[in-house]
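Remarks on the overall topology
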Amino acid sequence: MADARSGGAPTVLRLVLGRRLQHLREKAGLSYQEAGRALDVTHATIRRMEKAEVGLRIPYVEKLLHTYGVTEPEEIAGFVSLAREANRPGWWHRYRDVLPDWFSAFVSLETESHVIRAYEPHYVPGLLQTPGYARAVLRAGLPHAAEEEIERQVALRMERQAVLTRADPPLLWVVMDETVLRRRIGGRQVMYEQIDRLLEAAAAPRVRLQLMPFGAGPHPAMYGPFHLFRFPMDELPDVACAESLVGAVYFDQRDDVSAFLEALDRMCAQAPPVHRTESLLRALRKEI
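Overview of the structure. What you see is a predicted model, and the numbers here were worked out from it, not measured in a lab.

From N to C terminus, the chain includes 12 helices and six strands. Each principal axis of the C-alpha distribution contributes one length, and for the chain these read about 70 × 40 × 35 Å. The 288 residues of the chain split such that 47% are buried. Restricting the contact set of the chain to residue pairs at least 6 apart, pairs at least 24 apart contribute 73%. Of the roughly 14,700 Å² of accessible surface on the chain, a fraction of 51% belongs to carbon and sulfur atoms. Here the chain carries 37 positive and 38 negative side-chain charges, and the mean point of each set is 3 Å from the other.

This paragraph deals with the pairing of strand β3 (residues 207-212). The buried fraction of β3 amounts to five of the six residues, a majority that puts the element mostly inside the structure. Pairing geometry for strand β2 (residues 171-177) and β3, over six bridges, is parallel. The partner of M176 across the bridge, within β3, is L211.

Under the counting rule described, the total for this entry stands at eight aromatic pairs. Here the aromatic rings of F251 and F260 are separated by 5.4 Å at their centres, their planes lie at 40°, and the arrangement is tilted. Judged by its relative accessible area of 23%, F251 is partly exposed. For F260, a relative accessible area of 16% gives the class buried. Taken together, the ring pairs connect W102, F103, F106 and F229 into an aromatic cluster. Positioned over the ring face of Y32 is R25, at 4.1 Å from the centre of the ring. Directly above the ring of Y60 sits R57, whose terminal nitrogen or CZ lies 4.4 Å from the centroid.

Attention now moves to the nonpolar core. Membership of the largest hydrophobic core comes to 49 residues, with the highest contact counts inside it found for L181 and Y250. Ranked by size, the runner-up nonpolar core spans 22 residues in total, among them L17, L39, V70 and F79.

A separate point is the pattern of salt bridges. Per the counting criterion, the structure on display carries 18 salt bridges. Two residues, E50 and R25, come together in a salt bridge whose shortest N-O distance is 2.6 Å. Of the two residues, E50 is situated in helix α3 (residues 43-50) and R25 in helix α1 (residues 12-28); the sequence distance between them amounts to 25 residues. The same class applies to E50 as to R25, namely buried. For R135, the salt bridge is made with E151, and the minimal N-O distance between the two is 2.7 Å. Highlighted residues: R135 in helix α7 (residues 131-141) and E151 in helix α8 (residues 147-160), separated in sequence by 16 residues. Taking the relative accessible area as the measure of exposure, E151 reaches 31% and is therefore partly exposed.

Axis separation between helix α4 (residues 58-67) and helix α5 (residues 73-87) bottoms out at 10 Å; the angle between their running directions is 150°. As summarised for this structure, α4 and α5 are arranged roughly antiparallel, according to the angle between their axes. In terms of crossing hand, the pair formed by α4 and α5 is right-handed. In this structure, α4 contributes I58, V61, E62, L65 and H66 to the contact, and α5 contributes I76, F79, V80, A83, R84 and N87. The class makeup of the residues in the contact of α4 with α5 is seven nonpolar, two polar and two charged.

Cut-offs and rules
- Residues numbered from 1 in each chain as written.
- Predicted model: local features only at pLDDT ≥ 70, side-chain atom pairs only at ≥ 80, totals over all residues.
- Heavy atoms only, no water.
- Helix = DSSP H or I, 4+ residues; strand = E, 2+ residues; numbered from the N terminus.
- Buried < 20%, exposed > 50% of the residue type's maximum accessible area, 1.4 Å probe, protein only.
- Contact = heavy atoms within 4.5 Å.
- Areas by Shrake-Rupley, 256 points an atom, 1.4 Å probe, with all protein chains shown as cover.
- Lys, Arg positive; Asp, Glu negative; His and termini not counted.
- Charge placed at Lys NZ, Arg CZ, Asp CG, Glu CD.
- Pairing = 2+ DSSP bridges.
- Phe/Tyr/Trp six-rings, centres within 6.5 Å; stacked < 30°, edge-to-face > 60°.
- Lys NZ or Arg CZ within 6 Å of the ring centre and 35° of its normal.
- Core = buried A, V, L, I, M, F, W, Y, C linked by side-chain atoms within 4.5 Å.
- Salt bridge = Lys/Arg side-chain N within 4 Å of Asp/Glu carboxyl O.
- Axes fitted to C-alpha atoms, helices over the stretch in contact; angles between N-to-C directions.
- Parallel < 35°, antiparallel > 145°, perpendicular 65-115°, else oblique.
- Left-handed = near helix turned anticlockwise from the far one by under 90°.
- Nonpolar A, V, L, I, M, F, W, Y, C, P; charged D, E, K, R; others polar.

Put into structure tokens, the structure is as follows:
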């Protein structure tokens, strides 16, 4: 994946269907140019469809399926139905007034993942924040934003958390630096509530939370926060997302993602194990 600071953010389903179209084209032995001629479009249009950079126009999809040798009516109807679904905006689209494209991609990946792993050196991850903590973080990061925009951002952050309470929640495995909880955000009461929220989350069967204490020394990820997403669809590789002040870069090449995965694995081995997280959180809470 490329830098996602601009351009439309695809849904995960559109990414999956794009890869399926690529597989069908390659299985049929056709080049981008040959597929493009079947639609009377350029090879770039075919490439963009496969990379989910554009929506899936239903007449194009139907024509391509026939071109690639897919003739079973039920198979075509099923693919077209999925394409229609993929073209529908995600639930987060109603927050588009406060949601940049690069983060739309993030929410789409987060919503469809079955494993989410993260390293966070600065803040409690958004999926585990309380409203008060989220409001204080957003106010610090968006000092010129109107109060209405801040509240919209808080509402979006809280709605994202529904992924953890759905019938089939992803496994969320987070490593946070001790700095995260030493930095007082929003005042003492906000921090009390936030640590209580982390204690609640840490007890959930699909959440693993580890704290990296100062005493553990340096570790492989001392460059900045990142997330790693894994999906139940075979067509999608793992995706890593590294955030910056103005956007994010998404990686899906095996060597790149492996670097993030190795860093996470090393940190998880270096940090105190998950079963010690509760006692560490309670100790930090007493110090506030």
